[in-house]
Amino acid sequence: MPRVVILPQCRTIAPADAAAIRAHIESIFQAFIDWDVDKIYATHTPDWRGFLEGSRVPIKGIDEYMRANGIDWPKDKGSKPYPDPKRGYRVKDFDVQFYGPELAVASFNGEFYRKADDVTLNRFRIMDVYAKRQGNWIQAASHTVVDPAWRLHQMTIPMTVSPEIRQRILTIREAVWRAWFGNDRAALEKMIPAEAIAIDDGSAEWSNQAAILAGAKSFADSGGKLLRLEFPRTELQVYGNTIIVYTTYLYEIEMNGQRTTRTGRGTEMFVRRGDDLVNVGWHLDRGQ
């Protein structure tokens with residue numbers, strides 16, 4: 001028969017114990033602001049268990065916990081902290097329930113914020129399990145996730161696009177165009193998903209993935225070649241995993257010995273899926 005574990009009954013909250021657990025939790029927040037690796041390590045049990053944002057399987061043990069938090073562990077053990085004085089933390093809606101003298105569950109909302117303008121940098125929903133060991137409370141387990149409501153709101157706010165991110169987007173955008181002109185079917189199937197919708201200049205029909213692939217093949221079968229491809233102006237908007245590209249374009253092609261240059265403007269939509277960017281749709285016209 002399976003073993004049945006009966007938890008102790010809830011007991012009356014001891015103010016001193018509740019205060020000690022909250023102070024311990026706040027010390028962990030501060031340790032992350034200070035990037036005090038040794039303090040982070042010391043505030044968690046060796047047999048720590050739980051989930052952090054992004055983890056797909058249970059994290060087992062303090063070593064896995066440290067690495068899951070982006071710490072080069074154990075290489076960074078004993079490294080000097082480097083505090084970030086521009087950041088602060090808040091613990092809200094704190095609740096703790098005790099189950100016997102050596103077990104407690106704390107639930108709360110926590111966040112890091114930028115002190116200069118009081119902007120929240122990240123907000124979490126957290127449930128921590130605390131154990132009393134050698135007379136002191138210490139975190140033994142946790143389930144930590146980014147607050148879904150806060151994340152949803154963040155996805156409505158335009159992100160700042162760094163030069164590195166901008167270059168990656170532009171590289172993928174150009175790769176889609178070149179894959180179409182080159183009839184690179186494997187690349188097109190990877191970069192243009194089945195649900196794609198495209199409105200092309202001069203066409204009364206709206207294209208799906210199948211039509212886009214057929215168009216690339218038809219261009220190649222007719223002997224068409226791309227000679228020149230430019231994007232004179234490009235503006236970006238990024239909202240969460242969605243990227244909108246506003247662009248002007250110029251391309252020169254050769255077909256049956258004749259060269260043709262076309263210019264226009266376009267709006268292209270990309271979505272981030274895992275580590276990839278996929279082109280889910282576009283609208284091209286001649287800008288007239």
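For the structure, see preceding data.
All values reported here derive from a predicted model rather than from experimental measurement. Residue numbers run consecutively from 1 along every chain, following the written order of its sequence. Thresholds applied to this predicted model are a pLDDT of at least 70 for local features of residues and 80 or more for the giving and counting of side-chain atom pairs; totals over whole chains, interfaces and linings are not thresholded and use all residues. Water and hydrogen atoms were dropped before computing side-chain values, which therefore reflect all heavy atoms in the structure.

Colleague: Run through the packing of aromatic side chains, naming residues and quoting values.
Modeller: Think of a pair of aromatic rings as described by two things: how far the centres are apart, and how the planes are tilted against each other in angle. Working definition: a ring pair exists when centres of Phe, Tyr or Trp rings (six-membered ring for Trp) sit within 6.5 Å. Plane angles under 30 degrees give stacked, over 60 give edge-to-face, the rest tilted. This structure, assessed with the given rule, holds 17 aromatic pairs. Arranged with centres 4.6 Å apart and planes meeting at 55°, the rings of Trp 48 and Tyr 65 form a pair that is tilted. Remark: Tyr 65 occurs in helix H3 (residues 62–68) and Trp 48 occurs in strand E2 (residues 44–51); sequence separation between them is 17 residues. Using a relative accessible area of 0% as the deciding quantity, one classes Trp 48 as buried. Accessibility here uses a 1.4 Å probe with only protein chains present; expressed as a share of the type maximum, an area under 20% marks a residue as buried, one over 50% as exposed, and anything in between as partly exposed. By relative accessible area, which is 5% here, Tyr 65 ends up buried. Ring centres 6.0 Å apart and planes at 10° place the aromatic pair Tyr 249 and Tyr 251 in the stacked group. Here the two residues Tyr 249 and Tyr 251 agree in accessibility, since each one is buried. One aromatic cluster is present, formed by Trp 177, Trp 180, Phe 181, Phe 219, Phe 231, Tyr 249 and Tyr 251 through successive ring pairs. Under the DSSP-based scheme used, a helix requires at least four consecutive residues in state H or I and a strand at least two consecutive residues in state E, with every element numbered from the N terminus.

Colleague: Requested: an account of unusual backbone geometry, with residues and values cited.
Modeller: In this model, Trp 73 is joined to Pro 74 through a cis peptide bond whose omega is 5°. Relative to the helices and strands, Pro 74 is located in the loop between H3 and strand E4 (87–99). Here the phi dihedral of Asp 93 falls at roughly 55°; this positive angle occurs in a residue that is not glycine. Counting through the fold element by element, Asp 93 comes out in strand E4. By relative accessible area, which is 57% here, Asp 93 ends up exposed.

Colleague: With reference to specific residues and values, describe the nonpolar core.
Modeller: As used here, the term nonpolar core means buried Ala, Val, Leu, Ile, Met, Phe, Trp, Tyr and Cys residues forming a set that is joined through side-chain atoms within 4.5 Å. With 32 residues, the main nonpolar core has Ile 21, Tyr 65 and Met 66 as its most contacted residues. Of all the elements in the fold, those that place two or more residues in this core are helix H1 (15–34), helix H2 (37–42), H3, E4, strand E5 (103–114), strand E6 (119–133) and strand E7 (136–146). For this core, the element with the most residues is H1, which contributes eight residues. Setting aside residues no more than four positions away along its own chain, Ile 21 makes contact with Phe 94, Val 96, Phe 98, Ala 104, Ala 106, Tyr 130 and Trp 137. Membership of the second largest hydrophobic core comes to 29 residues, among which are Ile 192, Ala 216, Val 238 and Leu 277. Should any heavy atoms of two residues lie within 4.5 Å, those residues are counted as being in contact.

Colleague: Requested: an account of the pairing of E4, with residues and values cited.
Modeller: If DSSP finds at least two bridges between two strands, the strands pair. Here E4 runs beside E5; their pairing, made up of 10 bridges, is antiparallel. Bridge pairing in E5 links Val 96 to Ala 106.

Colleague: Let's hear about the pattern of salt bridges: which residues, and what values?
Modeller: One speaks of a salt bridge when a side-chain nitrogen belonging to Lys or Arg is within 4 Å of a carboxyl oxygen belonging to Asp or Glu. As enumerated under the stated definition, the model contains 22 salt bridges in all. Here Arg 133 makes a salt bridge to Asp 47, at a shortest N to O gap of 3.2 Å. A residue pair is termed long-range when its members are at least 10 positions apart, and Arg 133 in strand E6 and Asp 47 in strand E2 qualify at 86 residues. Judged by its relative accessible area of 37%, Arg 133 falls in the partly exposed class. Asp 47 gets classed as partly exposed once you look at its relative accessible area, which sits at 37%. Taking the shortest distance from any N to any O, the salt bridge between Arg 273 and Glu 195 comes out at 2.4 Å.

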